[in-house]
Amino acid sequence: MINSEFLMESFAQYSPAVLLYAELHFRFKWTGSRYFQKEPEILADLPIRIEPKSDIPILLIIKDSHLFPITLKYVEIVIYKSNKIIQSHTFQYNTQMDLNWWDDTLIIDSEGISGNIEINVEFMYNINGKDKKCTIHNYPLCSHNKLKTCISKYPYPNDGNVLYGDIHYHSNLTEDMVEFGAPLKATLTMAESLGLDFFCNTDHSYDLDDLPGSWTETDPTLEKWNKSRREIETINNGTAGKSFIIPSEELSLHNQDGRNIHALILNHSNFLPGSGDGAEKPFNFHADYNTKTVHDSLDNESLCIAAHPFNPVPIVQWFFVKRGKWQLEDILEDNIAGIQIVNGALDEGFYKGLKIWMKLLLDGYHKFIYAGNDAHGNFNIYRQIKTPMISLYEKKEQLFGEFRTGVHINGYNRDINSVITSMKNGNCFVTNGPFINITFQNNGLIYEMGSTVSSNYGIITVSIISTPEFGMIKKMTIIKGVIGEKKEIDYFTIMNSREYKLIKDFEIKSDSNCYFRFEVELDSNNEKRIFAMSNPIWLSPDIN
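For clarity, every value in this text was computed on a predicted model and none was experimentally measured. (Residues numbered from 1 in each chain as written. Predicted model: local features only at pLDDT ≥ 70, side-chain atom pairs only at ≥ 80, totals over all residues. Heavy atoms only, no water.)

J.: Can you tell me about the nonpolar core, naming the residues and giving the values?
T.: One finds Phe 400, Val 462, Met 476 and Phe 518 to be the most contacted residues of the largest nonpolar core, which totals 59 residues. No other element matches helix α2 (residues 184-194), which puts 6 residues into this core. Core analysis: the next-biggest nonpolar cluster, separate from the first, contains 53 residues, Ile 261, Leu 361, Ile 409 and Val 430 among them. (Core = buried A, V, L, I, M, F, W, Y, C linked by side-chain atoms within 4.5 Å. Buried < 20%, exposed > 50% of the residue type's maximum accessible area, 1.4 Å probe, protein only. Helix = DSSP H or I, 4+ residues; strand = E, 2+ residues; numbered from the N terminus.)

Below, the structure is given as structure tokens:
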């Protein structure tokens, strides 16, 4: 007989997280698993695009070989373009592995290669005296298709004053019975290849305080968190002038209904505990913070953003870990800078979030938008658990660096403080391709996104930069919102300009408190919508 109480408890432990590289070895006590196998997890990964003249990084991961020791003999890399082999490489290892974690980043010279390519990775290994081979990964129930990427002929669109970042990413500091991410250093290598200037390692608060080697025991010394902060500092010091990591966490806290939600805490100097939906202690939903109290614990140099606030909550998580959603009263707290409007896909959560954000703006609130992907490793394809113990699935969403926050630093230092300051001020935009900017000029002064201007007249300047990689400008819209009205209006639209770049001035007059923001959509061959959205500039004219 199956002990239903035990299964309920185990399922509660399982339910919070199924988004990272899939951990294959966890099984409930009295049930089997269709994807369990007596081998370590073996997989290869690489970024979805690569900057021109950048090498091709291929990440190899072998996890849990301490449970199932192997000898990795060699790895063979074959690169295809238009179904023809253009390069092949063999990397000899002949290494016995008996480790919880092993990774290596292979660097392939990309000279003479551009455009769309496919890469096949084959692992040759011996386990229990038997030679075996796996292609891309050894996950059962999944495809073994070649990894696809694009070596672009064009740098990611930029005017030279923007830093691009993925503000929501999970490294292998997030590790438990069902999931794990990729190492910080390897992720930074991927970021540089992608043309990503920074990322935030928003690992779960309930993972960062774990006792090393345990998924459920809390470590009062915070060895894991402290070690990660030292590692980030060392990495950043060794890559001065290049891409960098903003130390962060994804905090579990309560909304004002007492349900567990998540906030992105960027660049805070101390660990904030939060385990209400970590299921480390079954049916213990306690949270150390809520949206009202978290402000008192934050540094002045830190930033708090509502994480994926309007994404649907699975019914299992609603019941078993008391997950909820951000409510309007939570977002309106002064310490919440804004919302992560994009979470790796233009899905229900994005479109619902867009409607709520517009309502907040029309009601006179100043809240900003940001983009991230909630990638947990997953550089090239999302491959995760679908039904516990039964099935896995794959999709091309929530991939590292696909959606970005473009941060205008305008001549300031290329560092963490400049990024945090601009994001706090709303001088940033969300994109999965084009660069955009909107400024307001009045009396010889230029005001940036996020500014409030005491004037009823001036010049709005909009800038767009795209490349053939992303497509020509299909539609550009300046949107006006009058405070107190029910709907925004399209103030000015340009359709099908058939250009990759555009800079245009618009004369603005307004006798009401209002804001202007900016959206761009590209005419792309990509099956996904390629777009960018700015944060607003507010006008507060002296009506008297």
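J.: Describe the pattern of salt bridges, listing the residues and the values that go with them.
T.: Under the criterion given, the structure shown has 15 salt bridges. A salt bridge links Arg 323 to Asp 277; the nearest nitrogen and oxygen atoms lie 3.7 Å apart. Pair noted here: Arg 323 is in the loop between α5 (315-320) and α6 (328-331) and Asp 277 is in the loop between β15 (260-266) and β16 (303-306), with a separation of 46 residues, a long-range link. A residue is classified by how much of its surface remains accessible, and Asp 277, at 0% relative accessible area, is buried. Taken together, the salt bridges that share partners define one network made up of Arg 49, Glu 51 and Glu 469. (Salt bridge = Lys/Arg side-chain N within 4 Å of Asp/Glu carboxyl O.)

J.: Any details on the environment of Pro 309? Residues and values, ideally.
T.: In this fold, Pro 309 is placed in the loop between β16 and α5. When the C-alpha positions of Pro 309 and Lys 133 are compared, they lie 42 Å apart, and in sequence the two are 176 residues distant. Once residues lying within four places of it in the same chain are set aside, the contact partners of Pro 309 are Lys 325, Trp 326, Ile 339 and Gln 340. (Contact = heavy atoms within 4.5 Å.)

J.: Please provide a residue-by-residue account of the confidence of the model for the protein chain, values included.
T.: In the predicted model, the protein chain carries a mean pLDDT of 90, and the fraction of residues at 70 or more is 90%. Counting interchain partners and residues more than four positions distant, the pLDDT-below-50 stretch residues 1-28 has 120 contacts. (pLDDT = per-residue confidence, 0-100.)

J.: Could you give me a rundown of the sheet that holds strand β27 (residues 457-465), with the residues and numbers involved?
T.: The antiparallel open sheet is built from 4 strands, whose spatial order is β25-β24-β27-β30. A single partner strand is all that each edge strand has here, and the edge strands are β25 (445-447) and β30 (501-509). If you compare each strand with its neighbour and ignore which way they point, the axes differ by 25° on average. Of the pairings in the sheet, the one linking β27 to β30 comprises 9 bridges and is antiparallel in character. For Thr 461, the partnering residue across the bridge sits in β30 and is Asp 505. (Pairing = 2+ DSSP bridges. Axes fitted to C-alpha atoms, helices over the stretch in contact; angles between N-to-C directions.)

J.: Break down helix α4 (residues 223-238) for me, with residues and values.
T.: Here α4 spans 22 Å end to end across 16 residues, near enough to the 22 Å set by a 1.5 Å rise per residue. Along α4, the positions that sit buried rather than exposed are Lys 224, Trp 225, Ser 228, Arg 229, Ile 232, Ile 235 and Asn 236. For α4, the arc enclosing every buried residue in end-on projection is 135°, short of the 170-degree limit, so these residues lie on one face. What points out from α4, more than 90 degrees from its buried face, is the exposed set Lys 227, Arg 230, Glu 233, Thr 234, Asn 237 and Gly 238. Here the buried face of α4 lies against α2, β13 (198-201), α3 (205-208), β14 (244-254) and α8 (416-424). (Expected span 1.5 Å × (residues − 1). Arc of directions from axis to C-beta.)

J.: Can you lay out the pairing of strand β6 (residues 84-97) for me, pointing to particular residues and giving the numbers?
T.: Bridge analysis of strand β5 (residues 70-81) against β6 gives 11 bridges, and the strand direction is antiparallel. Bridging from a neighbouring strand, Leu 72 pairs with Thr 95 of β6. The hairpin turn running from β5 into β6, its antiparallel successor, is 2 residues long, and Ser 82 in that turn takes a positive phi close to 55°.

J.: So what's going on with the environment of Ile 336? Which residues, and what values?
T.: With respect to the helices, strands and loops of the structure, Ile 336 is situated in the loop between α6 and β17 (338-343). Judged by relative accessible area, which is 1%, Ile 336 ranks as buried. Between the alpha carbons of Ile 336 and Val 294 there is a distance of 9.5 Å; along the sequence they are 42 residues apart. Ignoring sequence-local partners within four residues, the contact set of Ile 336 consists of Cys 304, Ala 306, Trp 326, Asp 330, Ile 331 and Lys 367.

J.: Could you give an account of the sheet that holds strand β7 (residues 101-108), naming the residues involved and the relevant values?
T.: Taken in spatial order, the 3 strands make up an open sheet running β2-β4-β7, and their pairing is antiparallel. Pairing within the sheet leaves two strands with one partner each, and these edge strands are β2 (41-45) and β7. Between one strand and the next, the sheet's axes are offset by a mean angle of 15°, whatever the strand orientation. Bridging between strand β4 (residues 56-63) and β7 involves 8 bridges; their strand directions are antiparallel. Considered in β7, the bridge of Lys 63 is made with Trp 101.

J.: Run through a nonpolar patch on the surface, naming residues and quoting values.
T.: A cluster of nonpolar side chains, namely Ile 315, Trp 318 and Phe 319, defines an oily patch on the protein surface of about 340 Å² accessible area. Relative to the elements of secondary structure, Trp 318 occurs in helix α5. On the accessibility criterion, Trp 318 (33% relative accessible area) is partly exposed. (Patch = residues over 30% accessible without salt bridge, like charges linked within 9 Å, V, L, I, M, F, W, Y side chains within 5 Å. Areas by Shrake-Rupley, 256 points an atom, 1.4 Å probe, with all protein chains shown as cover.)

J.: Could you give an account of the environment of Glu 499, naming the residues involved and the relevant values?
T.: The topology assignment puts Glu 499 in the loop between β29 (489-495) and β30. In this structure Glu 499 comes out as partly exposed when scored by relative accessible area, which is 36%. C-alpha of Glu 499 to C-alpha of Ile 464: the two residues are 35 residues apart in sequence and 9.6 Å apart in space. Not counting residues within four places of it along the chain, the set of residues in contact with Glu 499 comprises Met 472 and Ile 473.

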